[in-house]
Structures are given as C-alpha cells and as structure tokens.
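# Working through the structure, step by step
This is what each chain is made of:
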Amino acid sequence: GYFGDAGTTTFIGYQHVNAYITTFDQNGILLWDNYLQFNNLVTKQLYPIVHLSFLENGETLIYYPRNNRILSMLVSGYDILEKISAINIESKSSRDVVEYNVDTEIEPWYGNYFLVSGYQYIRNRDKAIKAKRYVFHLNKLEYR
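Right, let's walk through the structure included here. (Residues numbered from 1 in each chain as written. Predicted model: local features only at pLDDT ≥ 70, side-chain atom pairs only at ≥ 80, totals over all residues. Heavy atoms only, no water.)

### Examining the pattern of salt bridges
Tallied over the entire structure, the rule returns 1 salt bridge. Across the pair R133 and D96 runs a salt bridge whose closest N-O atoms are separated by 2.9 Å. Of this pair, R133 sits in strand β11 (residues 132-142) while D96 sits in the loop between β8 (79-88) and β9 (97-110), and the two are 37 residues apart along the sequence. (Salt bridge = Lys/Arg side-chain N within 4 Å of Asp/Glu carboxyl O. Helix = DSSP H or I, 4+ residues; strand = E, 2+ residues; numbered from the N terminus.)

Below, the structure is given as structure tokens:
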C-alpha cells in the first residue's frame, strides 16, 4: 500500500492476503485446490512466496518463510492434516536475536529433508565485538 500526506507518497510494500494453490492433471482437470491465509505479510517485491513439496507418503507440505520462521500446513487432497504451524530458523547461538531474514529459500533435499538458506541480520548483546552481524545461514530440516 501507499501512505503519505498531500505532498509525498511512500511505498511500504505489497500486502499479501492469501494464496490459492491448485493442482491440475495433464488434461487441465482440477485435481485439488487449497487456500492459505497470510497474516500481515508485506513485501517490497513481487516473488513466489508459497512453496509445495510432495512427500513420499502422498501428502503435500505447503510452506513459506516469514522473518525468522517457516510457516507450514500439511494436507492430503482436500483434508487438512495439520493446520498452519511455525518453526524458528535456528542460529548459531541461543543468545542471537534475528532482526530480519533476507532471501530465505526452502528447497527439498531428499525424502522428507529440506534445506533452508538465506541471510540474517543478527544481534547478540553478549558479544562486545561484532554484536551485530549479517550472515549466511544454512539449516537442514526434517519433516515427520
């Protein structure tokens, strides 16, 4: 949305409200669709937010990164097996506070394992030197 007074206009980003996920067969016939609601998701650029991973047991994991968390929902066809849940992206120290994430990507690796990568701006009050730093992160996740 745009905010500003009469003389200025400021672009704060695109507000995403929800996503519709649809799956078609090779003939264009709808196999299933699903709906995912976002909570206060604003981005400066338009890019794919929602990702799908088809698990070995026939279930589908719908997920997207948001700040320092990964939000996901597990479905089987039209049945929601697990409602939206969130897990934190771990940092090196438990005392690290992640201010924000940039370019977070989630890629299927093998089986039910995923790789999460991106850049984090981290603050740690325990460290006098390099209390704030910008780092690349890579995490391995297992979805059970």
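### Some thoughts on the sheet that holds β9
Each strand in a sheet pairs with another by means of backbone hydrogen bonds, the pair being arranged parallel or else antiparallel. On the basis of which strands lie adjacent, the open sheet formed by 3 strands has the order β9-β10-β11 and antiparallel pairing. The open sheet has two edge strands with one neighbour each: β9 and β11. Shown here is a sheet whose adjacent strand axes are inclined to one another by a mean of 15°, direction ignored. Two elements, β9 and strand β10 (residues 113-123), share 10 bridges in a ladder whose sense is antiparallel. Of the residues in β10, the one forming a bridge with Y110 is Y113. (Pairing = 2+ DSSP bridges. Axes fitted to C-alpha atoms, helices over the stretch in contact; angles between N-to-C directions.)

### As for the nonpolar core
Within the largest apolar cluster, 12 residues are counted, these being A19, I21, W32, L36, F38, L41, I49, I62, Y64, L71, M73 and V75. When contributions to this core are tallied by element, the ones reaching two or more residues are β3 (14-24), β4 (30-43), β6 (60-66) and β7 (69-76). Here the element with the most residues in this core is β4; it accounts for 4 residues. Contacts of I62, omitting those with residues within four sequence positions, involve I21, N34, L36, V50, H51, L52, L71, S72, M73 and V75. (Core = buried A, V, L, I, M, F, W, Y, C linked by side-chain atoms within 4.5 Å. Buried < 20%, exposed > 50% of the residue type's maximum accessible area, 1.4 Å probe, protein only. Contact = heavy atoms within 4.5 Å.)

### Examining the side chain of H16
For H16, the position within the fold is in strand β3. According to the relative accessible area criterion, H16 is buried, its value standing at 17%. Not counting the four nearest positions on each side in its chain, H16 is found in contact with F38, L41, T43, L46 and I49.

### Quick word on the environment of L36
Among the secondary structure elements, L36 is positioned in strand β4. In sequence terms L36 and V17 are 19 residues apart; their C-alpha atoms lie 8.9 Å from each other. Apart from residues lying up to four places away in sequence, L36 is in contact with N18, A19, I21, V50, I62, Y64, M73 and I84.

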